[in-house]
Each structure stands twice: as C-alpha cells, then as structure tokens.
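Residue strings, one per chain:
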Amino acid sequence: MSDGAARQVLHRLAERRALARAAILFERVWPVLWPPLAVIGVFLWLALLDIPRRLPPFVHLGLLLLTGGLALGLLVRGLRGVRVPDDAQADRRLERASGLRHRPLSVLSDRPASEDAAGSALWAAHVARAAGQIRRLRIGVPRPGLARRDPRAFRAGLILALIAALVIAGPDAPSRIAAAFEPTLPRGPAAPGTEVQAWITPPAYTRLAPIFLKPEGGAVSVPAGAQFTASVTGGSGTPSLVLDGHASAFAALDAGSFQAERALTQGGRLAVRRDGRDLAAWDLTVVADRPPEAHWSEPPGRAAASQQTRLPWDVRDDYGVTGLQAEFRLEARPDASPLTASIPLAGGTAKAAHGVSQQDLTAHPWAGLPVIGTLVARDATGQTGRSAPATFVLPERPFRNEVARALIALRKGLSLRPDDRESALTGLDTLLMTPQAFGTDSGAYLNLSAIYFLLLVDKTAGAIEQAQDRMWQLALHMEEGQTEQTARALEAARQAAREALEQATRDPSEANRQALDQKLKELEQAIQRHMQAMLEDAQRRNEALPYDPDARQLSNRDLERMAEQAREAARQGRMQDAQQRMAELERMLDQLRGARADSAQQQQQQQQRNAQRQRGRQQMGALQDMIGREGGLLDHADRRTEETMRLRPNQPPAPNPNAAPTEAADPNAERQADQRVQQALRRALGELMQQFGDLTGEIPPSLGEADQAMRESAQQLAEGKDKAAGDSQRAAIAALQKGGREMSQSMQKQFGSGQPGEDGDSDQDGQQSGMGLSLQDGQNDRDGRGAPLPGAPDRANPGGRDPFGRQYNQGRAEAGDVVVPEERERQRTQAIQEELRRRGAERERPQQELDYIDRLLKQF
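Conventions adopted
Residues numbered from 1 in each chain as written. Predicted model: local features only at pLDDT ≥ 70, side-chain atom pairs only at ≥ 80, totals over all residues. Heavy atoms only, no water. Helix = DSSP H or I, 4+ residues; strand = E, 2+ residues; numbered from the N terminus. Buried < 20%, exposed > 50% of the residue type's maximum accessible area, 1.4 Å probe, protein only. Contact = heavy atoms within 4.5 Å. Core = buried A, V, L, I, M, F, W, Y, C linked by side-chain atoms within 4.5 Å. Expected span 1.5 Å × (residues − 1). Polar contact = N/O pair within 3.5 Å; in protein donor to acceptor, adjacent residues only side chain to side chain. Salt bridge = Lys/Arg side-chain N within 4 Å of Asp/Glu carboxyl O. Pairing = 2+ DSSP bridges. Axes fitted to C-alpha atoms, helices over the stretch in contact; angles between N-to-C directions.

Draft legend 1. The side chain of Ser257, seen in detail. Within the fold, Ser257 resides in strand β8 (residues 257–264). Given a relative accessible area of 15%, Ser257 falls into the buried group. Residues within four places of Ser257 in sequence aside, it is in contact with Val232, Thr233, Ala251 and Ala252.

Draft legend 2. Representation of unusual backbone geometry. Unusually for a residue other than glycine, Asp50 sits at a positive phi of about 60 degrees. Take Asp50: it is sitting in the loop between α1 (3–48) and α2 (57–80). Here Arg207, not a glycine, exhibits a phi torsion of approximately 55 degrees, which is positive. Following the sequence through the fold, Arg207 ends up in the loop between β1 (195–201) and β2 (211–213).

Draft legend 3. Inspection of the nonpolar core at higher detail. Counting residues in each nonpolar core, the largest one holds 28 residues, and the members touching the most others are Leu407, Leu428, Leu448, Leu455 and Met471. Ranked by residue count, the leading element in this core is helix α11 (residues 461–480), at nine residues. Ignoring anything within four residues of it in the chain, the contact list for Leu428 reads Leu407, Leu410, Leu448, Ile451, Tyr452, Leu455 and Met471.

Draft legend 4. Representation of helix α8 (residues 402–416). Between its first and last C-alpha atoms α8 spans 21 Å; for 15 residues at 1.5 Å apiece the expected length is 21 Å, and the two agree. Along α8, the positions that sit buried rather than exposed are Val403, Ala404, Leu407, Ile408, Leu410, Arg411, Lys412, Gly413, Leu414 and Ser415. Where α8 starts, the residue carrying a side-chain oxygen 2.9 Å from the main-chain nitrogen of Val403 turns out to be Asn401.

Draft legend 5. Seen up close, the pattern of salt bridges. Considering all chains together, one arrives at 22 salt bridges under this definition. One salt bridge in this structure joins Arg386 and Glu327, with 2.7 Å as the shortest N-O distance. Here Arg386, found in strand β18 (residues 384–386), pairs with Glu327, found in strand β14 (residues 321–330); they are 59 residues apart in sequence, far enough to count as distant. Since its relative accessible area comes to 12%, Glu327 is described here as buried. Within the structure, one salt-bridge network assembled from shared partners comprises Arg639, Arg640, Glu670, Arg671, Asp674 and Asp722.

Draft legend 6. Looking closely at the sheet that holds strand β9 (residues 268–274). Taken together, five strands build an open sheet; the order of strands is β3-β10-β9-β5-β6 and the sheet is mixed. Where the open sheet ends on each side, the last strands, each with one partner, are β3 (218–223) and β6 (246–249). Along the sheet, successive strands turn relative to each other by an average axial angle of 25 degrees, direction set aside. Here β9 pairs with strand β10 (residues 277–287) via seven bridges, running antiparallel. Pairing of Leu270 across the sheet is with Trp282, part of β10.

If you want it as structure tokens, here you go:
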C-alpha cells in the first residue's frame with residue numbers, strides 16, 4: 001500500500017472513530033439527561049395549564065425552587081458517572097456495527113514479530129485486506145436503552161401531555177410560561193398615603209357604563225377600543241404602567257399625584273408598578289367587536305296592492321346597528337353603480353331588530369327590470385355586514401298612455417344597454433313621426449324633440465341619465481297631465497305645512513316658527529303652480545275651471561291670501577290664529593279637490609266611450625306606417641329596375657325624384673335586405689289583422705289580398721325579379737290603402753264617428769287623421785308617405801294629390817282646393833311658436849339645441 005493510500009485510510013478511520021465516540025457518548029449521556037428533563041417537562045406542563053400562577057405566592061415559589069433543585073441534582077448525579085470513550089472503545093463499536101470479525105482494526109496499529117521477507121509480505125497482505133474493510137465501516141444507530149430504564153413508557157405520556165397543554169394554552173402559551181417563572185410575591189404595604197384608582201371607559205358606541213377596577217386585582221373583560229385610566233396619589237417615585245412587558249411612565253400632575261391613560265387593543269397582564277413592586281395588577285381580556293349581521297326575513301318584491309318595493313329585513317349586532325340600507329344592482333349590468341335605499345331603524349341603535357320597509361322606487365330607471373338586492377348593515381365602528389343576495393323584479397308604475405308606455409320602454413332599454421343609443425333614437429324618431437298622438441300638447445312634443453337631440457348630440461355618460469329623467473317626467477305628464485303632478489306636489493306641501501304647524505304649536509321656539517314660515521311659503525307657491533296648471537289645462541280643453549256649485553267660487557287669490565294670513569299669524573306668534581287660517585285653507589283645498597274629482601269622473605266616462613275608437617285608429621296608424629315602409633321597398637325595386645334597363649349605352653338612368661339617396665351598394669345584398677324587410681312587414685300585417693279582428697269581429701278582405709301580394713313580392717325578391725317584385729309591391733300598397741278604407745267603414749259601423757277634437761282632428765275633406773292615415777279615394781297611386789308612386793301623375797286618376805294636398809290636373813298640381821287653416825290650427829301654431837321662443841330664451845341649454853330652435857323659428 002502506498003503512503004498516500006495509507007494516509008487516506010487513516011483519515012477515514014479517524015472520522016469513523018470520532019462519530020463512534022459521539023454515538024457512545026450520547027448513549028451514556030441521554031439516560032442521564034432524561035430524569036432532569038422529565039422534571040422540567042412536568043413543570044412546563046403545569047405552566048401551560050396556568051396552574052403555578054393560580055397557586056399561593058409561596059407555594060408557587062416553592063414549586064419553582066423544587067423543580068430547579070431536583071433537575072439540577074439529578075443532572076449532577078448522572079453526569080458524575082459518565083466517561084468519555086477512547087479509540088479502542090470506538091474501534092470495538094465500529095467492528096460490531098460493521099460485522100467485522102477478528103478485530104481487523106487492531107492490525108493497523110500492530111507490527112509483525114519477525115522481519116523476514118516472507119513474513120513481511122504476508123503481513124502486508126493482511127494489512128491491505130484490513131484496510132479494504134475500512135470502506136464499509138458503519139457507526140450504527142445510538143441505543144441509549146431508555147426502554148430498559150422506563151419500561152412503562154412514561155416519557156411518551158409526558159410528551160402527549162405537553163402537546164395537549166400547548167393546544168389548550170394557544171396564543172397565551174408564552175405569557176403563561178413567563179408567568180410561571182415569575183412568582184408574584186406578596187406585596188409589602190404601600191407607602192403611607194399611597195392610593196391607586198383605576199377605571200376603564202368603554203367606547204361610546206357600546207353604551208356601557210365605566211368599569212372601576214379593584215386595587216387588589218382580578219380578571220376583567222373589556223371591549224376593544226376601551227380607554228384605561230389609572231391615578232396614583234401619594235408615595236415617592238414615578239410609577240409606570242406595564243402591559244405584557246411594555247411599560248409606559250405616568251404623567252405627573254403635581255409632586256405627589258400621577259395619572260396614565262392607555263387605549264386597550266390587546267389583552268394581557270396590566271400592572272401599576274413602582275420601584276419594582278406592583279401597586280395593582282389585573283388580567284385583561286379584550287373582546288373584539290364583531291361585524292353586524294343582516295338577513296332578508298322574507299323575499300323582497302312588490303308590496304301587496306301597491307307599487308312600492310317591500311323590503312323585509314332582520315339585523316343584529318353585539319353593540320347595536322347604527323345604519324341599514326338596501327343596495328340594488330342591475331342583474332344585466334352588475335358592474336353599474338348600485339341603487340341604494342336607506343332603511344330607517346326604529347329605536348335608534350338596537351342590538352337586534354327586524355321590520356319591513358316599503359320604498360317607492362318606481363321613478364328609478366331600473367323599475368320593471370330584474371335586480372339583485374343586498375342588505376348592508378353598519379355599526380358604530382364602521383364595520384359592515386351584508387346579507388345574501390336576493391333577485392327580484394323592481395316594481396314599476398303601470399302606464400295606460402301609449403306614448404308614456406313607449407317612453408318607459410325606451411328608458412328601460414337605455415338602462416340595459418346604455419351604449420346602444422341608436423335603438424333609443426329610433427324609438428324616439430318613431431314617436432316624433434306621430435305628432436297627432438300628443439294632441440294639442442305642443443310643449444310635450446317639443447320636450448320629446450329635446451330628448452332626441454340630447455341623445456344625438458351629447459355623447460357623455462351624463463346625457464343618458466338626463467334623458468332618462470326627462471323621459472320619466474314626460475311619461476308622467478302624458479299619463480297624468482301637469483295638473484295631476486302639481487296636485488301631488490300641493491298635497492305634499494299641505495302635509496309638510498301641517499306637520500310644521502303641529503311642531504311649532506308644541507314648541508313655539510324661533511327655529512320652529514321659521515321652519516313653519518318656510519313651509520307655508522312653499523305651500524303658497526304650490527297653490528300658485530297648481531292653479532296655473534289647472535287654468536292651462538282648462539284653456540287647452542276649452543273648459544272652465546272646476547268648481548263646486550254649492551260653494552262659492554274659489555280663486556287663486558283667495559287661497560294665496562289665506563296662506564299669507566297663516567304665515568303672518570305664525571310670524572307674530574299667534575299660533576291659534578295660524579291654526580284657524582290653516583284649517584280654513586284646508587277646507588278650501590278640499591273643495592277644490594272635490595270639484596276636480598267630479599270633473600275627472602265626467603272626463604273618464606267620455607274617455608271610456610272613445611277608448612275603442614282610439615284603439616282602432618292606432619291600428620290604422622300602424623297600417624299607414626306599413627304603407628310607408630312598403631313604399632320604401634318599392635323605391636328600391638324601381639331604382640334597381642332602371643339601372644338594369646338602360647335604353648342607351650353609357651347613358652345614366654334618369655333620376656327618380658322619389659327615390660331615397662343611397663350609397664353605391666351590392667344590388668344582391670340590398671335585395672336580400674329588402675326580402676327580410678318584406679317578410680317582417682308581412683308578419684306585422686298578420687298581427688294587425690288579428691288585432692283588428694279581435695276589436696271589430698271582422699277582417700277586411702283587402703288586407704288578405706295585401707298579404708298575398710307581400711308573399712309574392714318576397715318570393716320574387718328571392719329570385720332576383722325586381723320588376724315583378726315592384727308590381728307586387730304596388731299591388732300590396734293598393735290593397736293596404738283599400739283595406740284602410742274598409743277598416744274605417746267597419747269602425748264607423750261598429751263605434752260611430754267621434755267628435756272633432758276627441759282623439760284626433762277631421763280635415764275638411766273628411767279624412768280621418770287620428771293617426772295620419774289618408775282614406776280618400778284615388779290614393780292607390782301614392783305610397784304611405786303621401787308621395788306619388790312612379791308614373792302616378794300620368795295615370796288616369798284625376799283625384800290624385802301631391803304631398804302638399806294639391807290635386808293633380810294634367811300632370812300639374814293646382815292649389816285651387818287647398819283648405820285654409822282654421823282658427824284652431826292657427827292657435828296651435830301660435831302655441832308652438834311661443835314654446836319655441838321660451839325655450840330659445842333659456843341660454844343654459846346646449847348650443848346644438850339652441851341652434852335647432854333658431855332654425856325652427858325661422859320657419860315662422
């Protein structure tokens with residue numbers, strides 16, 4: 001074996017011997033260490049259970065000394081007999097652990113007895129074989145032999161007991177162990193005159209009384225955020241306030257008085273200490289404030305026999321709920337800003353409360369749409385608790401007026417799809433195309449135009465909300481009229497003035513008298529607005545103001561004078577006179593409301609007589625719109641026919657004055673689009689025929705002919721036959737116009753003719769214009785927009801008229817039979833002009849709207 005290999009073998013053997021000596025030393029020391037560790041383990045088990053701190057001070061001290069002394073004695077006694085192992089003992093362990101026989105490791109240190117050549121070679125071979133066995137030397141696992149010393153395995157029971165005690169102690173384990181090693185010795189008598197006063201002030205939201213602490217100590221539970229205050233009087237030296245090892249000095253009030261304050265956010269041992277001695281100590285437990293809980297006691301939804309939203313709620317909190325609100329999110333757009341409705345809590349801040357709140361949310365743009373409702377409760381610290389979400393349809397107000405219903409539908413569409421303004425603009429444009437639906441209410445029609453241009457011009461997000469609000473106000477106006485709105489505002493002002501008068505009567509302070517004066521002033525303004533609205537409504541209807549024939553005639557001056565007298569009496573402090581004037585004013589308003597109710601009942605009876613006739617006219621208006629759309633399809637077909645039938649090469653087709661300007665497009669794509677429109681018109685005609693049949697019990701035969709012509713037109717468009725399709729569309733228009741005359745005759749026979757001005761006006765030629773449908777003979781040569789069909793002036797139809805109502809004569813339009821407008825039309829024109837000037841004077845309106853109004857005024 002070379003010298004290098006020998007050194008490597010010896011180095012490896014030295015490492016193995018060191019590990020073997022360490023294993024032998026562990027086997028000798030561990031049995032000695034186990035008894036004192038067991039004593040210390042028993043003490044720790046008692047400390048984790050917080051037993052030492054509950055013992056009397058001297059018993060606690062004795063237990064601590066006994067534990068320390070016993071552990072130290074057992075350790076010294078055991079270590080006295082421990083010997084450090086040598087190399088020979090290490091070699092024997094290595095040989096036993098590795099399974100080597102005949103002690104091969106001793107060969108490395110032995111020498112042969114003789115030095116002859118044969119003996120030396122044999123010895124070298126023996127040494128080389130022994131060195132080769134060093135590579136597989138093993139240390140073996142230490143075996144201290146505790147099982148022989150502890151056959152009942154008490155050590156395992158101690159370990160399990162320590163683990164269980166650690167789980168029981170939880171986060172208080174460090175403080176309990178520290179307290180076990182710090183026995184609380186009896187405090188000596190305080191310095192003469194020393195007095196300790198301590199108290200805890202709970203947070204104001206808990207509504208708990210202050211807690212006064214006893215100087216002898218004890219356990220105290222306080223809510224989080226409580227304020228601890230301690231005062232020390234007498235003695236020498238500055239005391240300190242110690243909480244879980246963190247000390248803070250008292251503030252000196254004078255030479256012998258000290259005070260300290262501290263916010264309590266965590267529990268522990270709180271002590272007032274001076275010169276190393278505890279003057280007083282307490283064990284604090286800080287209880288955290290839990291967030292409030294909110295629940296739906298019943299599913300929310302529409303209240304019975306009402307349009308209000310019923311919100312049944314149930315809340316609870318450990319110290320009381322200070323606020324509750326319902327939060328609604330649109331189901332189709334959950335990322336939109338929520339709608340919140342505050343729910344009042346009876347009795348202030350109750351720890352547990354329940355009830356039902358009814359909210360009128362019909363004016364919100366989400367009314368009639370599915371929403372997700374959540375209750376949000378709040379406590380005094382700002383913590384919130386939310387209920388489980390509940391999905392329901394937000395109740396809405398029903399509308400009978402057709403325009404109002406259409407506006408509410410467009411309003412819902414903007415709520416669901418605020419980016420889709422085109423649909424809303426299309427719906428508004430449809431309403432603008434039927435001004436007769438507004439009757440003589442020119443202001444409502446102009447308001448509708450303003451909403452249209454607001455959405456068209458203003459691209460900001462705020463324009464959507466503004467347009468929805470205007471739609472709601474206009475829908476209320478169309479449903480109720482201005483009189484009903486001012487009547488509701490007047491009733492609200494009456495109630496507010498009545499409550500203010502009662503408050504001022506109970507407490508005639510200056511603030512209450514000023515509040516009453518303000519409410520009476522608002523009542524006077526509400527009376528003025530209501531009387532003005534009634535006057536305007538009566539002028540539109542050519543009626544007189546309603547009054548009670550058994551009572552004297554009322555005027556706005558009488559009502560305003562009575563309200564002013566009540567205000568003057570209240571300002572002077574004559575509350576009895578103010579009550580008398582208020583009572584007389586109430587009687588006068590009741591008389592006015594009763595007279596209006598009688599007038600409204602008569603109007604309702606008249607409206608019931610006109611309801612069926614109005615429904616039929618609406619269907620006729622739908623038919624007129626259908627004729628116009630069919631005329632648009634005819635324009636497309638004629639234009640395509642002219643483009644394909646040029647008489648000379650390179651000669652452009654003759655311009656069609658009636659064709660709408662369009663961009664160059666693929667004729668096939670346009671033809672397919674016209675086919676879809678034709679099919680949609682046919683379906684609409686089928687629905688119209690069914691509705692008219694339900695109304696009158698009979699369906700005009702001409703409508704069936706129009707349906708057949710539309711079916712042929714759609715088929716011909718699919719086949720690319722534009723000329724044949726145009727002939728079928730002309731036949732459909734002629735059949736629709738004939739069907740309109742048959743519908744008019746059927747309605748005349750069923751319901752009779754209405755008086756002019758009831759639901760629509762009748763022109764001088766006997767045309768029924770309730771929904772803009774012309775029923776004169778000879779209209780077969782004109783489309784639904786009043787424009788002549790291609791070639792109409794040259795056809796044998798002397799009764800045809802141009803778009804201005806002039807009669808054709810030899811291809812020319814003559815104005816000999818044009819009717820001069822009557823006084824009613826002039827008044828309506830004047831009203832529109834005055835409304836335009838009024839709106840044009842409001843310079844805060846958008847510039848685009850003002851420019852549009854100026855262009856309209858130029859026409860006058």
